[in-house]
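Structural features, examined
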Amino acid sequence: MSETRFDPSVADGRWQRAWEAAGTFTADSDSPRPKSYILEMFPYPSGRIHMGHVRNYTMGDVLARYQKMRGFEVLHPMGWDAFGMPAENAAMEKGVHPGGWTRANIAQMKAQLQRIGFALDWTREFATCDPEYYGHEQALFLDLYAAGLVYRKESRVNWDPVDMTVLANEQVIDGKGWRSGAEVEKRKLNQWFLKITDFADDLLEGLGSLEDWPEKVRLMQENWIGKSQGLEFAFDLSDGGKLAVYSTRPDTIFGASFCAIAADHPIAQGLAGDPEVAAFIDQCKKGATTAAALETAEKLGYRTAITAKHPFTGADLPVFIANFVLMEYGTGAVMGVPGHDQRDFEFATKYGLPILRVVASDPARADEPFQGEAEAGDGVIVNSDFLNGMSVEDAKEAVITRAEQGGWGEGRTVWRLRDWGVSRQRYWGTPIPFIHCDTCGVVPVPKDQLPVTLPEDVTFDIPGNPLERHPTWKHAPCPKCGKPARRETDTLDTFVDSSWYFLRFASQPADRPFDPEEVAKWMPVQHYIGGIEHAILHLLYARFWTRALAHTGKIAVKEPFAALFTQGMVTHETYSRIDAGRGVPVFFGPEDVNRTSEGATLLADGEAVEVGRVIKMSKSKKNVVDPDAIIARHGADAVRWFMLSDSPPERDLPWSDAGIEGCARFVQRLWRLFQAYDAQAQGEDKALDRKTHQTIAAVASDIEALGFNKAVARIYELTGAVEKAAPSASRSAAIRALVHLAAPMMPHLAEEAWAAMGEGLIADAAWPEVDPALLVDDEVTIAIQHMGKLRDTVTAPKGASKEDLEALALASANLQRSLDGAAIRKVIVVPDRLVNIVT
RNA sequence: GCGGGCGUGGCGGAAUGGUAGACGCCGGGGACUUAAAAUCCCCUGAGCUUUGCUCGUGCGGGUUCGAGUCCCGCCGCCCGUACCA
């Protein structure tokens, strides 16, 4: 037989067109098959697909294709998270329109994705910048407004005076705007908010039901929501005022020896007339901002002349302004209990304040001194009047009850979670559908006037919001009274766009955001795959939005993503040299470097470059490999196979040229094996039959557990076994099975092979059936141990009796030499596994 | 600081408490070839007195007939982070 090579440059396109023509991956919501919704986080159309995308979508693709073979009707859609800052930056830098720039990027990236052969339902594709999409989003926003979940409030924002825009906290670096470098100002602006805090408890509780989410993500969300329960109460102050504090440890109230307030607390601000106070407040605002630095930073305080009266003892507690108290949390003031709070302990030590013990391991140790740190643990209350002898929990309740009865405090739940500010002073986003009327106030745009579309004729040559300075756009009549009024010029945070796109994928009627019945057929998403960087914001917002829609009766499902998987990054070595002049490293791309097993040299001059750590691919380190170039060279299947091989999917995947070349070789190796398929071959090979069926079962369970690297290893093993086997009907069956196993991972190769040996598309074929009888071997290898150390192995029939196994073991010369005549005390037999002789 | 994760050959990594290193990459040797590529075969944790033995999963203990796996105490790396009262 003449040997041909598998040519991906021909085959890839052929099968991609065949799937497209047959509508193979078009999801039919009316199908009687069980439904499966596989979704990867949709991309921002930055211009090029990168390896991280390829890895992400390959994983989802294997699941989608596998589920289809298992008889599911699979929804596996793709679209574009198309609003956002980069388009406006491009507009400012290159003078292109954000819309045109975005559309061109989408076209380019879509073509790239299609070249990888993803099993996507492109009939459902949309971009969030489509007026149809954001018009429906505006409608949903109005629904939430009607439900009381949207409000406007004046709030302090980060204002960049050069770019004339609000910056997110993440965009403020060391107090300066990330783009302009200008000193950021705090400004008060009217902003739109979503009442995510209404759902704080719900969102927290819901985490418990998300068993197929990574523990890590659930913890991060739990911390972000940050629920704490305690007592809020007021101290009477010596100047006649009151000071509200919040504590989660009201049980330790008898241990309070001072009060501390934040630098921007109104009382502190009231004292700022004193230059000494003003100087201290200034000092508090400087200093490090990272969590680690804050934790180790020195506690600083300024003792005011004010004292606070303890509600039980009547003692006068000094009131400090302190750098470790935050205005944003609780009441911006705390009672200091040095014995049982580490920060308070450090502060009290520094300023010579009493450190009182009010919790002890047992009542007899009520006066034990502290060992250089606070004791925050559990115990029995001591030195605390009516609380003495109570547990911490009981004492908390007792103090709260007293405070509530006495009218000087009450139990309160405090959340770290804040309402979601969604106003952006940006052009390239969803216009917020409201009109400001001098007579009627803030008026929603009537739904029949949606979408409120963005004007096309905008300029980006000067900073600020183009919508704000557009000559006509913002002038609109009031929907209520018809008088001239102003259109809202803020646009929505792009996280709103990504908070419901999965619903629009499931159902996209023209006249509504979605059809609840259609949505119910697909939701929740069965597998949601994306990066860990979305652990909090996107995933929390999407959960909130889904709950809000459920709350308003629009959908039945509360949690959008049944299972979440966060995949690792694609990494690569870096190549660099220290620039002699400036002393900083200069990086080189992999395409400019000749990498050998000894080291690396620069192609340009043949001199050595330093091979650096394997880190996330990034433009600044130039360690980026372009998927297009790799696909052009090795074909889509080799790249897909690489993405699935070796590294577990949740860990980082180090890209290497040797690795992709090995994958390309394996594609050819399988192709040769597929070509050796002989439908007429006769004869049985029982051992190979077993191997085949065991592999089918193992690959299936590996894919279902997203253990793609293990599935890959099993396919290698079966390939090796088939190659070694003599021709037989069993071998031919094994080759057919291999085509099926390869189909989700290397679909083009599988189709090409299947065209010669089967009917129709392998993408439509069923996953091979497993014969349970063939899953168990009839012979097993038994380990023979002496004192747990391996001495020999023997082959025994499966299910041999303990007695037989023991006899077999004792017959081993190696074992007898090891025993050296010692008396046997015990024999441990694990059936089908091992015999261990204890002497 | 706190929370989470990880630590196994030259590298990526396998291993329901039961034969550590599956599978892949790299490397070495050989076959085929005029030659190269491609392909195929063999070797590849360390050491030793090599029918086999000893050591070996970050370090130190422990539980067990048996520990990479379970427990206790350390060390290192990575990620996240909120001085949250």
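Above this text is the structure in question.
As the structure is a computational prediction, the values presented were derived from the model and not from experiment.

Let us look at the layout of surface pockets. Of the voids in this model, the second largest pocket is the one considered here, and its volume is about 520 Å³. Together, 23 residues line the second largest pocket, and His572, Pro590, Val625, Trp655 and Asp657 are the ones closest to its centre. Of all elements in the fold, only β29 (593–595), α18 (627–634) and α20 (657–675) reach the threshold of two or more residues within the lining of the second largest pocket.

Neighbouring RNA strand B are 52 residues; Ser247, Thr248, Leu326, Tyr329 and Asn836 lie closest to it. For RNA strand B, the fraction of atoms within 4 Å of the protein that belong to sugar or phosphate moieties is 60%. A distance of 3.1 Å is found between a sugar or linking oxygen of RNA strand B and a side-chain nitrogen or oxygen belonging to arginine 343. Counting residues per element, the surface near RNA strand B draws most heavily on helix α22 (residues 708–724), which supplies five residues. Of the residues contributing to the surface near RNA strand B, the split by class is 21 nonpolar, 13 polar and 18 charged.

What the four strands build is an open sheet, ordered β20-β19-β22-β21; its pairing is antiparallel. Of all strands in the sheet, those with a lone pairing partner are β20 (441–444) and β21 (475–477), marking the two edges. Each adjacent strand pair in this sheet contributes to an overall mean axis angle of 40°, direction not counted. Taken together, the three bridges between β21 and strand β22 (residues 484–487) define a ladder with antiparallel strand orientation. Across the sheet, alanine 476 pairs through a bridge with alanine 485, a residue of β22.

Bringing the state of the cysteines into the picture now. In this structure the tally under the stated criterion is zero disulfides. Cysteine 437 forms no disulfide, and the closest cysteine sulfur to it belongs to cysteine 481, at a distance of 3.6 Å. On the basis of relative accessible area, cysteine 437 is assigned to the buried category, the value being 6%. Looking at cysteine 440, it has no disulfide partner, and the nearest cysteine sulfur is the one in cysteine 481, 3.7 Å off. Judged by its relative accessible area of 24%, cysteine 440 falls in the partly exposed class.

What follows concerns helix α24 (residues 747–757). Residues lying three or four places apart along an α-helix face the same way, a consequence of the helix completing one turn every 3.6 residues. Among the 11 residues in α24, nine count as buried, and that is most of the element. At its buried positions, α24 is contacted by α1 (8–22), α2 (51–69), α19 (636–644), α20 and α23 (729–742).

Together, Arg156, Lys186, Lys188 and Lys285 line one region of the surface with positive charge. On the secondary structure map, lysine 186 appears in strand β7 (residues 185–194). Owing to a relative accessible area of 52%, lysine 186 belongs among the exposed residues under this scheme.

At a closest axis distance of 9 Å, the pairing of helix α21 (residues 686–704) and α23 adopts a crossing angle of 15°. With respect to α23, the element α21 is oriented roughly parallel. Taken as a pair, α21 and α23 cross one another with a handedness that is left-handed. Seen from α21, the contacting residues are Leu688, Asp689, Thr692, Thr695, Ile696 and Val699; seen from α23, they are Ser730, Arg731, Ala734, Ala737 and Leu741. Its residues assigned to classes, the contact of α21 with α23 comprises six nonpolar, three polar and two charged.

Bringing the pairing of strand β10 (residues 258–261) into the picture now. The two faces of β10 match: Phe258 and Ala260 on one face and Cys259 and Ile261 on the other face are all buried. Note: β10 against strand β13 (residues 333–336), four bridges, orientation antiparallel. The residue bridging phenylalanine 258 from the neighbouring strand is glycine 336, located in β13.

For strand β34 (residues 779–786), the tally of buried residues reaches six of eight residues, placing the bulk of the element in the interior. The loop that links β34 with its antiparallel partner strand β35 (residues 789–797) comprises two residues; one of these, methionine 787, has a positive phi angle of about 55°. In this sheet, strand β37 (residues 834–838) lies alongside β34 in parallel orientation, the contact comprising four bridges. Within β37, the residue paired with isoleucine 784 across the bridge is valine 835.

This next bit is on empty space enclosed by the protein. Rolled over the atoms, a probe as big as a water molecule pinpoints where empty space is left. This structure, assessed with the given rule, holds one cavity of 30 Å³ or more. Within this model, the largest cavity holds a volume of roughly 90 Å³. As for the largest cavity, its lining consists of Glu88, Met92, Asp163, Thr165, Arg426, Thr459, Phe460, Ile462, Pro463, Gly464, Pro466 and Arg469. For the lining of the largest cavity, the secondary structure elements donating two or more residues are α3 (85–94) and α13 (466–469).

Attention shifts here to the packing of aromatic side chains. What the rule picks out here adds up to 44 aromatic pairs. With centroids separated by 4.9 Å and ring planes inclined at 80°, the aromatic side chains of tyrosine 66 and tryptophan 767 adopt a geometry described as edge-to-face. On the criterion of sequence distance, the pair formed by tyrosine 66 in helix α2 and tryptophan 767 in the loop between α24 and β34 is long-range, its members being 701 residues apart. Looking at tyrosine 66, the relative accessible area reads 1%, which means it is buried. According to the relative accessible area criterion, tryptophan 767 is buried, its value standing at 5%. Aromatic pair tyrosine 427 and tryptophan 428: ring centres 6.0 Å apart, planes at 20°, arrangement stacked. Tryptophan 428 gets classed as buried once you look at its relative accessible area, which sits at 7%. By way of ring pairs, the aromatic residues Phe42, Phe126, Tyr133, Trp500, Tyr501, Phe502, Phe505, Tyr528 and Phe561 are connected into one cluster. Above the plane of the ring of tryptophan 224 lies arginine 416, whose end atom (NZ or CZ) is 4.3 Å from the centre.

Basis of the calculations
- Think of each chain on its own: its residues are numbered from 1, step by step along the sequence as written.
- Chains and ligands are labelled sequentially in the order written, the chains with letters from A and the ligands with numbers from 1.
- Residue-level local features of this predicted model are given only where pLDDT is at least 70; pairs of side-chain atoms are given and counted only at 80 or more, and the full residue set underlies all totals for whole chains, interfaces and linings.
- The basis for the side-chain values is all heavy atoms of the structure; hydrogens and waters are excluded.
- A 1.4 Å probe that fits into a set of points on a 1 Å grid over the protein atoms alone but cannot get out defines a cavity; an open set with protein on both sides within 12 Å along at least five of seven lines defines a pocket, and lining residues are those with an atom within 4 Å of a point.
- Grid points are joined across faces, edges and corners, and a volume is the space filled by probe spheres set on the points.
- Numbering of helices and strands runs from the N terminus; a helix is a DSSP stretch of H or I covering at least four residues, while a strand is a stretch of E covering at least two.
- We call a residue near a given molecule or strand whenever any one of its heavy atoms falls within 4 Å of it.
- Any pair of N or O atoms that falls within 3.5 Å is considered a polar contact. Within protein, one atom must be able to donate a hydrogen and the other to accept it, and sequence-neighbouring residues count only if both atoms are side-chain atoms.
- Three classes are used, and their members are as follows: Ala, Val, Leu, Ile, Met, Phe, Trp, Tyr, Cys and Pro are nonpolar, Asp, Glu, Lys and Arg are charged, and the others, Gly among them, are polar.
- At least two bridges found by DSSP between two strands are what make those strands a pair.
- Axis definition: a line fitted to C-alpha atoms, limited for helices to the stretch in contact. Angles are taken between N-to-C directions and run from 0 to 180 degrees.
- Count a disulfide wherever a pair of cysteine sulfur atoms falls within 2.5 Å.
- Whether a residue is buried, partly exposed or exposed follows from its accessible area with a 1.4 Å probe, protein chains only, as a fraction of its type maximum: under 20%, in between, or over 50%, in that order.
- Residues are treated as being in contact if the distance between any of their heavy atoms lies within 4.5 Å.
- A patch is a set of surface residues, each over 30% in relative accessible area and not in a salt bridge, joined within 9 Å for like charges and within 5 Å for the nonpolar side chains Val, Leu, Ile, Met, Phe, Trp and Tyr.
- Using a 1.4 Å probe, the Shrake-Rupley method yields the accessible areas, and only the shown protein chains count as cover for residues.
- Each salt bridge in this description consists of a side-chain nitrogen of Lys or Arg and a carboxyl oxygen of Asp or Glu lying within 4 Å of one another.
- For the purpose of charge, His is not counted, nor are the chain termini; Lys and Arg are scored as positive and Asp and Glu as negative.
- Just so you know, the charge point we use is NZ for Lys, CZ for Arg, CG for Asp and CD for Glu.
- We call two directions roughly parallel when the angle between them is under 35 degrees, roughly antiparallel when it is over 145, roughly perpendicular when it lies between 65 and 115, and oblique otherwise.
- Two helices that cross are described as forming a left-handed crossing if the nearer one is turned anticlockwise from the farther one by less than a right angle, and a right-handed crossing if clockwise.
- In summary, the pairing rule links any two rings of Phe, Tyr or Trp, Trp by its six-membered ring, whose centres are within 6.5 Å, and it sorts them by plane angle into stacked for under 30 degrees, edge-to-face for over 60 and tilted for everything else.
- Here, over-ring charges are defined by two tests on the NZ atom of lysine or the CZ atom of arginine: distance to the ring centre within 6 Å, and angle to the ring normal within 35 degrees.

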